[in-house]
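# Chains, contacts and geometry: an overview
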Amino acid sequence: MRKASVNRDTLETKITVSVNLDGDGRGQFDTGVPFLEHMLDQIARHGMIDLDIACKGDVHIDDHHTVEDIGITLGKAINEAVGDKKGMTRYGHSYVPLDEALSRVVVDFSGRPGLEMSVPFTQKRIGNFDTELFYEFFQGFVNHALVTLHIDCLKGHNAHHQVETVFKAFGRALRMALTPDPRMAGTMPSTKGVL
């Protein structure tokens, strides 16, 4: 079982993230940011990753530090759980629709952090949640998971649908990339021999 638990304590947040990459999609969240928890549940369910995330953050100021630091800590946990990457599929992609919205996410466990995100949000806020914070979440994630991530919302006019398709597609792309490839067993999925 590919598992990891990571703690991150700063003056702004105290976070514990536990992941099981070979789970059955269960999520348990206590972050103080309900809309983010709804999106994290999409990663767990559609990625078939068990996620347990607890955070005590300075949400009395705003959600920025909590959202960004959860992305950082989740990235660290997944990177640790992946291990040496031998035998993994490495690449993953998914298109996910939700009514009028359609998003595409492509991930590469390349060892090189990079984010290309094109999501033309139709609203600045979804309820009380600032949609700009999703960029901060994914930037923190890629920097610490050491992945290349391309996120494109191709269609959509409902901001909630836009975000939800992104997170569902992200979960499914992770699931594909993290799936062991029996034909690559014991082999690094790179001609360089290292990722």
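Keep in mind that what you see is a predicted model, and the values were worked out from it rather than measured. (Residues numbered from 1 in each chain as written. Predicted model: local features only at pLDDT ≥ 70, side-chain atom pairs only at ≥ 80, totals over all residues. Heavy atoms only, no water.)

### Topic: the overall build of the chain
Rule in force here: Starting at the N terminus, helices and strands are each numbered in turn, a helix being any DSSP run of H or I of at least four residues and a strand any DSSP run of E of at least two. Only the C-alpha atoms count toward the radius of gyration. The rule for a globule is 2.2 Å times the residue count to the power 0.38. Every residue pair with non-hydrogen atoms within 4.5 Å of one another is taken to be in contact. For every accessible area listed, the method is Shrake-Rupley and the probe measures 1.4 Å; residues are considered covered only by the protein chains on display. In this tally Asp and Glu are treated as negative and Lys and Arg as positive; neither His nor the chain ends contributes. To locate a charge, take NZ of a lysine, CZ of an arginine, CG of an aspartate or CD of a glutamate.
Looking only at helices and strands, the chain has 4 helices and 10 strands in total. When the helices and strands of the chain are read in sequence order from the N terminus, they spell out β-β-β-α-β-α-β-β-β-β-β-α-β-α. The C-alpha atoms of the chain give 16 Å as radius of gyration, which agrees with the globular expectation for 195 residues (16 Å, within 12%). Expressed as lengths along the three principal axes of its C-alpha atoms, the size of the chain is roughly 45 × 40 × 30 Å. Counted over contacts in the chain with a minimum sequence separation of 6, partners at least 24 positions apart contribute 77%. Entry remark: accessible area of the chain is about 9,100 Å², with carbon and sulfur atoms responsible for 50%. For the chain, the separation between the mean place of its 21 positive charges and that of its 26 negative charges on side chains is 8 Å.

### Comments concerning the packing of aromatic side chains
This is how the line gets drawn: Aromatic pairing here means that ring centres of Phe, Tyr or Trp (its six-membered ring) are within 6.5 Å. Orientation follows from the plane angle: under 30 degrees is stacked, over 60 is edge-to-face, and everything else is tilted. For each residue, the accessible area found with a 1.4 Å probe, counting protein chains only, is set against the maximum for its type, and the residue is called buried under 20%, exposed over 50%, and partly exposed in between.
This model, assessed by the stated rule, comprises 10 aromatic pairs. Plain terms: the ring middles of phenylalanine 137 and phenylalanine 167 are 5.6 Å apart, the flat faces sit at 45 degrees to each other, and that makes the pair tilted. Of the two residues, phenylalanine 137 is situated in helix 3 (residues 133-145) and phenylalanine 167 in helix 4 (residues 159-178); the sequence distance between them amounts to 30 residues. For phenylalanine 167, a relative accessible area of 0% corresponds to the buried category. Grouping aromatic residues by their ring pairs yields a cluster made of Phe35, Phe121, Phe129, Phe134, Phe137, Phe138, Phe141, Phe167 and Phe170.

### As for the side chain of glutamine 42
Relative to the helices and strands, glutamine 42 is located in helix 1 (residues 34-47). Once residues within four sequence positions are removed from consideration, glutamine 42 is found in contact with Gly47, Glu164, Phe167 and Lys168.

### Some remarks on the pairing of strand 10 (residues 148-155)
Keep this limit in mind: Only strands joined by at least two bridges in the DSSP assignment are considered to pair.
The sheet contact formed by strand 6 (residues 101-108) and strand 10 spans 7 bridges and is antiparallel. Paired with leucine 102 across the bridge in strand 10 is lysine 155. Across 5 bridges, strand 7 (residues 114-118) lies against strand 10 in parallel orientation. Bridged to leucine 115 within strand 10 is leucine 149.

### Some words on the sheet that holds strand 2 (residues 13-20)
Quick note on the threshold: Note on method: axes are straight lines fitted to C-alpha atoms, helices fitted across the in-contact stretch only, with angles between N-to-C directions ranging 0 to 180 degrees.
If you trace the 4 strands from one edge of the open sheet to the other, you get 1-2-4-3, paired in mixed fashion. A single partner strand is all that each edge strand has here, and the edge strands are strand 1 (3-9) and strand 3 (27-30). Here the strands of the sheet are splayed against their neighbours by 5 degrees on average, with no regard to which way each runs. Here strand 2 pairs with strand 4 (residues 50-57) via 8 bridges, running antiparallel. In the sheet register, threonine 13 faces strand 4, and the bridge partner there is glycine 57. Most of the contacts of helix 1 go to strand 3, to which it runs at about 160 degrees, and overall it touches strand 3 and strand 4.

### Regarding the sheet that holds strand 7
Taken in spatial order, the 4 strands line up as 5-6-10-7 in an open sheet, and their pairing is mixed. At either margin of the open sheet sits one strand with a lone partner, and together these are strand 5 (91-98) and strand 7. On average, each strand axis in the sheet is inclined to that of its neighbour by 10 degrees, with strand direction left out of account. Here helix 3 sits on the sheet in contact with strand 7 and strand 10, set at roughly 160 degrees to strand 7. Each of strand 5, strand 6 and strand 10 is contacted by helix 4, which is oriented at about 150 degrees to strand 5, the strand it contacts most.

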